[in-house]
Amino acid sequence: MSPLPSVVIGAVIAVMLMASSPGPARAGDDLAARVQALLPESPGACVFVYDRGALVFQHAYGLADVDGDVPCTPQTNFRMASVSKQFTALAALMLVDRGKLSLDDTLAKFFPGYPEYGARVTIRHLLTHTSGVPDYEELIPAGTTLQLGDLDIVQMLLDAPEPLFAAGQRWQYSNSAYVLLGQIVEIAAQRPYHDWMAAEVFAPLGMTGACIFQRGLNEVSHRAYGHRREAEGRWVRHDQSVTSATRGDGCVYTSLEDYAKWLAGLRDNRLLSDASWRAMFSPQEKTTRDGAHYGFGWFIDQFAGTRRIYHNGDSRGFRLTAQTFPDRQAAVLVQLNADVDANMTEVGERVARLLIFDRSE
């Protein structure tokens, strides 16, 4: 699809808000309780809401870690799971802007020995989930218990000779595509992915607590741990799986405070060319998810009669939703540190209705 008019795109990241405005340090008890009633039960939760460019609600609930009885705060860093894909997409586009990558570069350029179909899979296909690259989750040998890294995933894909479908033929959500993108960023930048992201993305935006977590290479400050509920009702740690070490598809950790800085950086377009910025938030491909389109790292649709740009995250011990509403200069972030059976899009919508669309001025 053609890019959106610049006036519309300009509204998109007006969402991405006034991180410098401190807003309410803590919501009133009654409002905090009303918001909590909209959330699935979890050991901990962090929520912020912006409207008309101002912070109207921020609250941290419960515990970041039940083992240590550590409370959640706005500085608590949650695993962002697939919300991380927007960071990976931005990194790839930054390198396009610097002439290190092209959206038309293929897998064959970066991975010698990749199966023949890799000569037709481009970075654009990876960004938009139209690559046809096999799902690495389906390739993991039964009984695997050790965590898999990016290179393990690449090797699995090298050993899988056939794509799921021809590149560009259709849309199918792909964690494999974003693992490959993370590796491509590392290759093109000639620097470890987590180091490059820290230096070129997090530091310039002032995201002092954010990181791409790499066990043994760095640590997560103020870390939230994932949990699950045992049969007797108590919460226990349930954090990290065999796929939790892959980077480009889900390994960002960040907090309410730092994610607000991320949105503000996008609003002000501090890191991308105008062309890449417009492309990121333009509807590149129609998805199979309730009529939404996909840009580069974001879903794009309508909610409450207005445009929405959003993404959810789901990994062991964590559930998240990040939703922005450009025409309102509004946004919602909900972070949970538990395996919960909930539609996180709907969770975000409930919060958005209460604090944005149905809120008294």
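Report on the accompanying structure. (Residues numbered from 1 in each chain as written. Predicted model: local features only at pLDDT ≥ 70, side-chain atom pairs only at ≥ 80, totals over all residues. Heavy atoms only, no water.)

1. Some thoughts on helix 8 (residues 193–202)
Here is the rule: Buried means the residue's accessible area, taken with a 1.4 Å probe over protein chains only, is under 20% of the maximum for its type, while exposed means over 50%, and partly exposed covers the values in between. Per the convention used, a helix needs a DSSP run of H or I reaching at least four residues, while a strand needs a run of E reaching at least two, with both numbered from the N terminus. By construction, the arc corresponds to the directions joining the helix axis to the C-beta atoms. Residues are treated as being in contact if the distance between any of their heavy atoms lies within 4.5 Å.
Of the positions making up helix 8, those classed as buried are Tyr-193, His-194, Trp-196, Met-197, Val-201 and Phe-202. Projection of helix 8 onto a plane perpendicular to its axis shows the buried side chains occupying an angular sector of 155 degrees, all on one side. Those residues of helix 8 hidden inside the fold are in contact with helix 3 (85–97), helix 7 (175–189), strand 5 (211–212), strand 8 (252–254) and helix 9 (256–267).

2. Some words on the pairing of strand 11 (residues 299–303)
Where we set the bar: Whether two strands pair comes down to DSSP finding at least two bridges between them.
With four of its five residues buried, strand 11 lies for the most part within the structure. Bridging between strand 10 (residues 293–294) and strand 11 involves two bridges; their strand directions are antiparallel. Following the sheet pairing, His-293 is matched in strand 11 by Ile-300. Bridge analysis of strand 11 against strand 12 (residues 306–315) gives five bridges, and the strand direction is antiparallel. From the neighbouring strand, Gln-302 faces strand 12, where its bridge partner is Arg-307.

3. Considerations on the packing of helix 6 (residues 150–158) against helix 7
Test applied: To obtain an axis, a line is fitted to C-alpha atoms, over the contacting stretch when the element is a helix, and the angle between two such axes runs from 0 to 180 degrees between their N-to-C directions. Small angles under 35 degrees read as roughly parallel and large ones over 145 as roughly antiparallel, with 65 to 115 read as roughly perpendicular and the rest as oblique. Each crossing is labelled by how the near helix is turned from the far one, with a counterclockwise turn of less than a right angle marking it left-handed and a clockwise turn marking it right-handed. Put simply, Ala, Val, Leu, Ile, Met, Phe, Trp, Tyr, Cys and Pro go in the nonpolar bin, Asp, Glu, Lys and Arg in the charged bin, and everything else, Gly too, in the polar bin.
Between helix 6 and helix 7, the shortest axis-to-axis distance is 10 Å and the interhelical angle comes to 120 degrees. By the angle between their directions, the pair helix 6 and helix 7 is classed as oblique. Crossing hand, helix 6 versus helix 7: left-handed. Along its contact with helix 6, which presents Asp-150, Leu-151, Ile-153, Val-154 and Leu-157, the element helix 7 presents Ser-176, Val-179, Leu-180 and Gln-183. The residue inventory of the contact of helix 6 with helix 7, partitioned by class, reads six nonpolar, two polar and one charged.

4. Remarks on the pairing of strand 2 (residues 54–65)
By the bridge criterion, eight bridges tie strand 1 (residues 44–51) to strand 2 in an arrangement that is antiparallel. Paired with Val-49 across the two strands is Phe-57, which belongs to strand 2. Hairpin geometry of strand 1 and strand 2 is characterised by an intervening segment of two residues between the two adjacent antiparallel strands and by a positive phi of about 50 degrees at Arg-52. Bridge count for strand 2 against strand 3 (residues 70–71) is two bridges, and the pairing is antiparallel. Bridge pairing in strand 3 links Leu-63 to Pro-71. Hairpin connection between strand 2 and strand 3: a loop of four residues separates the two successive antiparallel strands, and Asp-69 in this loop has a positive phi of roughly 55 degrees.

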